[in-house]
Amino acid sequence: SAVISQKPSRDICQRGTSLTIQCQVDSQVTMMFWYRQQPGQSLTLIATANQGSEATYESGFVIDKFPISRPNLTFSTLTVSNMSPEDSSIYLCSVGRPSNYGYTFGSGTRLTVV
Amino acid sequence: AQSVAQPEDQVNVAEGNPLTVKCTYSVSGNPYLFWYVQYPNRGLQFLLKYITGDNLVKGSYGFEAEFNKSQTSFHLKKPSALVSDSALYFCAVRDWTYNTDKLIFGTGTRLQVFP
């Protein structure tokens, strides 16, 4: 399965600022996903990022708040913009391999907004 | 829409006893089901998946899951629990269309194994 490196692992940010999270995969993948896990909650999909096309956002998530880049088949970034304390969550990158129904997750970025 | 439900927020079990973490699903078409585990301050680790074939699926760390179509369930099981199994467990279902292929997660069940 793919190996994912996600950075930073954690950060404490001031409200009103932005944080960019990076996701690097050790092999080429078509589909990459960004999830949010709010404290004590399950994982909620933010968006699907396919290389060469605009990210597809789930209901309740907008590009202005969570812009995503996908410049190639091994890398993606998620930016959390104009942060508020409600954005304090774990953000996880994931990749999918439909050929073997494998979905791998990064170790996550624990974000605290103060 | 595809969905999974985990009816128990927490499951407590004594070390050495069998454990079961419950999951039920609602899907259109054939279900593709998954179990993941999350240890504190860690990402999600894959345990096992059901795509087709045998209803009893064996996975990592001695875990197994039984797919039951009539009861629309996919319960996670282990014959003998370890304290180190204490973690947060998520059931998930694959949701795919012509332009996406993603996982939908249940609310999670916290497993506490007592010595």
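These lines cover the structure that appears in this document, whether it is placed above or below.

The rules we used
Position numbers for residues start from 1 in each chain and track the written sequence from start to end. Chains carry letters from A onward and ligands carry numbers from 1 onward, assigned in written order. This being a predicted model, a pLDDT of at least 70 is required before a residue's local features are given, and a value of 80 or more before pairs of side-chain atoms are given or counted; all residues contribute to the totals for chains, interfaces and linings. Water and hydrogen atoms were dropped before computing side-chain values, which therefore reflect all heavy atoms in the structure. Here, the term disulfide refers to a pair of cysteine sulfur atoms separated by no more than 2.5 Å. A run of H or I in DSSP counts as a helix once it spans at least four residues, and a run of E counts as a strand once it spans at least two, with each numbered from the N terminus. Only protein chains enter the accessibility calculation, which uses a 1.4 Å probe; a residue whose area is less than 20% of its type maximum is buried, one above 50% is exposed, and one in between is partly exposed. Each reported salt bridge corresponds to a side-chain nitrogen of Lys or Arg within 4 Å of a carboxyl oxygen of Asp or Glu.

Looking now at the state of the cysteines. Residue and element names in this part refer to chain B. Going through the model one piece at a time under the given rule, you end up with 2 disulfides over all chains. Covalently, Cys23 is tied to Cys91 through a disulfide, its sulfur atoms 2.0 Å apart. Here the disulfide of Cys23 and Cys91 is left-handed, its torsion about the S-S bond being about -60 degrees. Of this pair, Cys23 sits in the loop between β3 (19-21) and β4 (24-26) while Cys91 sits in strand β10 (residues 87-97); the two residues are 68 residues apart in sequence, bridging distant segments of the chain. Taken individually, Cys23 and Cys91 each receive the classification buried, so the pair is uniform in this respect.

All names here are of chain B. Within this structure, the stated rule accounts for 5 salt bridges over all chains. Between Lys78 and Asp85 there is a salt bridge, and its shortest N-O distance comes to 2.8 Å. Taking the relative accessible area as the measure of exposure, Lys78 reaches 8% and is therefore buried. What makes Asp85 buried here is its relative accessible area of 3%.

Keep in mind that these numbers describe shape and distance, not what the molecule does.
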